[in-house]
Amino acid sequence: MMRCPRCQARLQAALELCGNCDFCLDEVDVLLGNDPVRLGRLTDRAHCLRLMDSRRLEEGLEVFARKFPQIFVGVYFGQLPSGVSMSELTFWLLNRVYLDGDERGRRNEFAVVLVVDPVGKTVGLNVGYALEKVLVQRFLEAVLLELRTPLWHAEYVEAVEMVLSKLERRLKKGAQRVVLGQEFSPPEVEEQILDAVKLDRLREGVGVEESEILDKKEEW
Amino acid sequence: MGGWAYKWLMGVLALTLVSMVWAEGRDGVLPLPNWEQEEVQIFPLGGGLLPKDGEEPRVGEGNDAGLFIPNRGVGEKGIGVVVEEGVERPLVEVGVDFLQRLDVRAEGEYVLDPAGLVGPGSVEELNRLLATQAEEGQVRPHLILLPEHHRLPQGVDLGKLGRMSEMGGVSCMVVYAMGEPWRVRLFMSRRVSEKVSRDYLSKLAQRCIQDAMKSEHAAEQLKRFVIQLCVRLTWMEREHGWTEREPGLEEDGVGEEMGAEVLEVTAEGGELEVDSVWERRWREVRQWLWVVFALLAVVYGIWRGVRWLLNRVRQREQGVVWMLPEVEVPPRLGGKYCGGGGGSVKY
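Note that residues are indexed from 1 along each chain, following the sequence as it is written. Here every chain gets a letter starting at A, and every ligand a number starting at 1, in the order they are written. In keeping with the model being predicted, local features are shown solely for residues with a pLDDT of at least 70 and side-chain atom pairs are shown and tallied solely at 80 or more, while totals for entire chains, interfaces and linings include all residues. Side-chain measures here rest on the full set of heavy atoms in the structure, leaving out hydrogens and waters.

Time to look at the side chain of Gln 221 of chain B. If you trace the backbone, Gln 221 of chain B turns up in helix α7 (residues 218-239). Whether two residues are in contact is decided by their heavy atoms, any of which lying within 4.5 Å being enough. Other than its neighbours up to four places away in sequence, Gln 221 of chain B contacts Tyr 176, Gly 179, Pro 181, Ala 212, Met 213, Ser 215 and Glu 216 of chain B. Put simply, DSSP H or I for four residues or longer makes a helix, DSSP E for two residues or longer makes a strand, and each gets a number counted from the N terminus.

Put simply, an interface is often sized by how much accessible area is lost when its parts join up. The partner chain B presents 30 residues to the 63 residues of chain A that form the contact. Between chain A and chain B lies a buried interface of about 4,200 Å² when both sides are counted; carbon and sulfur atoms form 59% of it. Salt bridges are identified by distance alone: a Lys or Arg side-chain nitrogen within 4 Å of an Asp or Glu carboxyl oxygen. Linking chain A to chain B there are 2 salt bridges. Distance and chemistry together define a polar contact, namely a pair of N or O atoms within 3.5 Å, with one atom able to donate a hydrogen and the other to accept it when in protein, and with adjacent residues in sequence counting only for side-chain atoms on both sides. Remark: the boundary between chain A and chain B carries 24 residue pairs in polar contact (both at pLDDT 80 or more). Counting only elements with at least two residues in the side of chain A that touches chain B, the list comes to α2 (51-67), α3 (86-96), β5 (111-117), β6 (122-127), α4 (137-152), α5 (156-174) and β7 (176-179) of chain A. The quantity reported as buried area is the accessible area (1.4 Å probe) lost by two parts once they are put together, taken as the sum for both.

Moving on to the pairing of strand β5 (residues 139-146) of chain B. All names here are of chain B. Working definition: with a 1.4 Å probe on protein chains only, accessible area under 20% of the residue-type maximum means buried, over 50% means exposed, and in between means partly exposed. In terms of burial, β5 is a largely internal element, 8 of the 8 residues being buried. Of the two faces of β5, both are covered, the one formed by Val 139, Pro 141, Leu 143 and Leu 145 as well as the one formed by Arg 140, His 142, Ile 144 and Leu 146. Bridging between strand β4 (residues 111-112) and β5 involves 2 bridges; their strand directions are parallel. Each residue of the ladder has a partner; that of Leu 112, found in β5, is Ile 144. DSSP bridges decide pairing: two strands pair if at least two such bridges lie between them.

Turning to the packing of aromatic side chains, a few remarks are in order. Residue and element names in this part refer to chain A. A pair of Phe, Tyr and Trp rings is counted when the ring centres sit within 6.5 Å of each other, with Trp represented by its six-membered ring. The angle between the planes then sorts it: under 30 degrees is stacked, over 60 is edge-to-face, the rest tilted. Scanning all chains against the criterion turns up 5 aromatic pairs over all chains. When the ring of Phe 23 is compared with that of Phe 91, the centres are 5.8 Å apart and the planes differ by 55 degrees; the resulting orientation is tilted. Remark: Phe 91 occurs in helix α3 and Phe 23 occurs in the segment before α1 (25-32); sequence separation between them is 68 residues. Of the two residues examined, Phe 23 and Phe 91, each falls in the buried class. For the pair Phe 64 and Phe 68, a centre-to-centre distance of 4.9 Å together with 35 degrees between the ring planes defines the contact as tilted.

The analysis is restricted to geometry; functional conclusions fall outside its scope.
Here you go:
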């Protein structure tokens, strides 16, 4: 069962406001706005990653995206805005992020957001509705606890790779393994080709004897 | 494993292979002097312990120990010499006190070591070996130890030597110079010489010397000699049908006055195959090289197999995706795509 980003109270399904603190998305919109925001797979606003580390993480995120075509994982390194907690920020990001470019085919319900504040030494992790059944609250809390040690040592790459590895292992349990489609072999016979593509012949000259063509000419 | 591990493994494999080929090749190029034909014929050795018929041995009779090492050491007088590191040293006769101490022999004592060349523990062990042979076999071996570079005096009476004639039975006396197994002499009683050919006895002595020469330490050489002697005496008895003690045998002895002929056996007449230290060590190293090479080949094969399997799995996984089911979740807290949850932690 999910918890309120503000007061951590257990949430009942289909509630507009938190039963405990009356929290909702609008309260965060007031502080951060309700316009869509672009979020790439890896955003390093805090400049805590070296070029080599960034490439390595992007490669890992690329592999993950290839294995799970529905899921978008966004990793954000940046300072937490004032007045907003990490849970509220991740909640707001998942609802306001706009996926474009290569991620356009994915949906926010299948998104995972990992936000790291190296200055405030806080890390947040949240998932969309479609992943709640697989990546349950307890699992997310366990992952966050394990993140503390590598992040404390500033091992950001190892921390993110650990998260990806745990997500992959957990998601495979709830997902179905699908082999990518085979190459299409076109039929060899012409008629079968025309039937397959639903096209008619443009001219009757194809397959028609010459005498028939001459007869038609005389008629015209 | 990365590329560096692969290169390291290939390097070690190549080095092992080269070492083995080199080791094999060395068999044809021994660091030993080439033997001349004459030297091989008069080889070995043994000699200087007891000249024949009281005469001084002459060169060419095969009694000169100096001929053991070719192109060296025949003394001026033709008397046996021992050559050590290019220095000719004539053999020294043992003194009277040595012979007197030989006479002090207790019952059941088969090893006579008047000069105290081996420790009491070793003497006991050798004595036990010879006593076992004496009890279980027909031939009773006795061992007299001489210091190195020493010989028995000329004209010494074998029968009285160590009171052998009092022992009786079918006997074999070995006169062994410590550290110089090639100089060993075997004396067999008449019973043995009548039944066993000289060639056989010569070969017997030869094999015992060869076994002793496999070691570099004097004590170890002696032990190997005695063990080999006991074994070969047993074989000799079996081959010649000696299964039970013959009656009247107790009167036979070595050198007794009833005219027993003492057969003096040396290891002459044959080629003594003595391996050098170098050859022995290379033989051992070669065996281990094979083992190392086989192990490396196995490790390499396993590593390649694992890599191939991993590559296949990786290729198969590249064409595989994981699809999650579509789940309808009623929205919460006004969020269209996410309704809270997750968490955060300070580190």
